[in-house]
Every structure is written in C-alpha cells, then in structure tokens.
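Survey of secondary and tertiary structure
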Amino acid sequence: MATTADVTTLLGRYQNGDRAAGDKLWEEVYQELRQVAHRRLLGERSGHTLGTTALVHECYLRLIDQTQVEWQSRLHFFAMASRVMRNILVDYARRKKAQKRGGDAPHLNLEDVSVGGTSGSADLFIALDQALDQLESVDDRLARVVEYRFFGGMKEKEIAELLDVSARTVRRDWRKAKLWLARALKEED
C-alpha cells in the first residue's frame, strides 16, 4: 500500500503538470485500487464483462482526468475513487438492466449486492444507488460512510480521518446507514 505522503506528493506534482508524477502515481495506487475493485466484484459470475482490471482502469482514467479537483491527500483520492467506482458500477447495472428488462429484485443484505449476476441484482444495485441518494439528502455523512466503505473498501479508521470523526462514530454511522438503507430498499420492493 502506498504511503499517504507519497501519494499526496505525487498528486500535487501531477496537478502542477508533472506527467512523470502521473505515471508514478499509477504505480503507487494501482494495487490498492485493484484490491478495492476485486472486493467489490467478488461473487460475480465468471466471464463477467466488467472485470477488476477494467473497473480499475476506468476508475483511474476518470480520476486522473479531473482538472477541477484540488487533490488534498491520499485519502481524498481514494474517497473520490469510491464515488467514481459507484458511478461506474451503477452505470453498468443500468445498462445490464436495460438489456434484460424486468426481473423482481429479491431482498438482500447490503454486503450481498452485486452488479452483474442477475437482472435482479442489477435492479437491487440501482435501487441501492437511489436509496443512497435519498440518504444523502437526509444525512450526508451517513451516505459518505456507505460510499467509502461499500464502494471504496475503506477501513473505519480511514473514513474517520477523512470525515474528521472518531472510528466509533463511523461504526455507529455504518450501522444506522445499513438500517436506513434496508428500510428504503424494503419499501422499494
């Protein structure tokens, strides 16, 4: 795992026009982004058209192309990666659903949501995204905790540092958010 100082320094240099820093940044964050993407795609059927490598490359291309983002730190980079992965996965699920049209979404736990196994899981993934948007309007921090943990694979301590709260608060927020989303998804059914 790349150190915070290395990634933060490389982000700053890249933003100031140093293309070599961009190449080095890719080397530093690639494995960690790959681990996050792999965890997110675990349980997908073999031969799934959106693989770990494709998700990582698409995510990185979207991140590094950000000209309006003022990169603050490694955590900021990975927080943005969480959001970008969420967008990529939701777009993929929507395309999947449009191809298959239909299917009843079974009730699943948040940890069981996948994007490509069945049309039902794609429906559930899209419903999760919509519920997360609703949660964001009610409590932005709860939505960020879900986004960073579920989509970004971040640990409680990293989320706590990013949100400037305690790890215990993040743990409580995670429980509250899961309950809120479970209710929202059940109502959607």
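Structure: see above.
None of these values were measured; they are calculated from a predicted model.

Mapping Asp91 onto the fold places it in helix α4 (residues 74-100). The spacing of Asp91 and Ile126 is 35 residues in sequence and 8.6 Å in space, taken between C-alpha atoms.

So, about the packing of helix α1 (residues 4-15) against helix α2 (residues 19-41). Closest axis-to-axis distance for the α1/α2 pair is 8 Å, and the angle between their directions is 150°. In terms of orientation, α1 and α2 fall into the roughly antiparallel class. Here the hand of the crossing between α1 and α2 comes out left-handed. In this structure, α1 uses Asp6, Val7, Leu10, Leu11, Arg13 and Tyr14 to contact α2, whose residues at the interface are Arg19, Ala21, Gly22, Lys24, Leu25, Glu28 and Val29.

Moving on to the packing of α2 against helix α3 (residues 52-64). Between α2 and α3, the shortest axis-to-axis distance is 9 Å and the interhelical angle comes to 130°. In terms of orientation, α2 lies oblique with respect to α3. Crossing of α2 against α3: the hand is right-handed. Where α2 approaches α3, its residues Gly22, Leu25, Trp26, Val29, Tyr30, Leu33, Arg34, Ala37, His38 and Leu41 are matched on the opposing element by Thr52, Thr53, Leu55, Val56, His57, Cys59, Tyr60 and Ile64. Taken together, the residues that form the contact of α2 with α3 break down as 12 nonpolar, 5 polar and 1 charged.

This part is about α2. Its 23 residues give α2 an end-to-end C-alpha distance of 31 Å, which sits within 8% of 33 Å, the value for a rise of 1.5 Å per residue. Along its length, α2 reaches its greatest deviation from straightness, about 45°, at Val29. The complete set of buried residues in α2 reads Ala21, Gly22, Leu25, Val29, Tyr30, Glu32, Leu33, Val36, Ala37, Arg40 and Leu41.

The rules behind these values
- Sequence positions are assigned chain by chain, starting from 1 and proceeding in written order.
- pLDDT decides what is reported in this predicted model: residues at 70 or higher carry local features, side-chain atom pairs at 80 or more are listed and counted, and totals for whole chains, interfaces and linings draw on all residues regardless.
- For side-chain calculations, the full set of non-hydrogen atoms in the structure is used, while hydrogens and water are omitted.
- Note on conventions: DSSP H or I runs of at least 4 residues are helices, E runs of at least 2 residues are strands, and numbering of each starts at the N terminus.
- Orientation is described by axes fitted as lines to C-alpha atoms, over the contacting stretch for helices, and by angles from 0 to 180 degrees between their N-to-C directions.
- Oblique is the label for any angle not covered by the other classes, which are roughly parallel (under 35 degrees), roughly antiparallel (over 145) and roughly perpendicular (65 to 115).
- Should the near helix be turned counterclockwise from the far one by less than a right angle, the crossing is left-handed, whereas a clockwise turn marks it as right-handed.
- When checking whether two residues touch, look at their non-hydrogen atoms; a contact exists if any pair is within 4.5 Å.
- Just so you know the grouping, Ala, Val, Leu, Ile, Met, Phe, Trp, Tyr, Cys and Pro go in nonpolar, Asp, Glu, Lys and Arg go in charged, and all remaining residues, Gly too, go in polar.
- Each residue after the first adds 1.5 Å to the expected span of a helix.
- By definition, a residue's bend is the angle between the axes fitted to the seven residues ending there and the seven starting there.
- Remark: exposure states derive from per-residue accessible area (1.4 Å probe, protein chains only) relative to the maximum for the residue type, with buried under 20%, exposed over 50%, and partly exposed in between.

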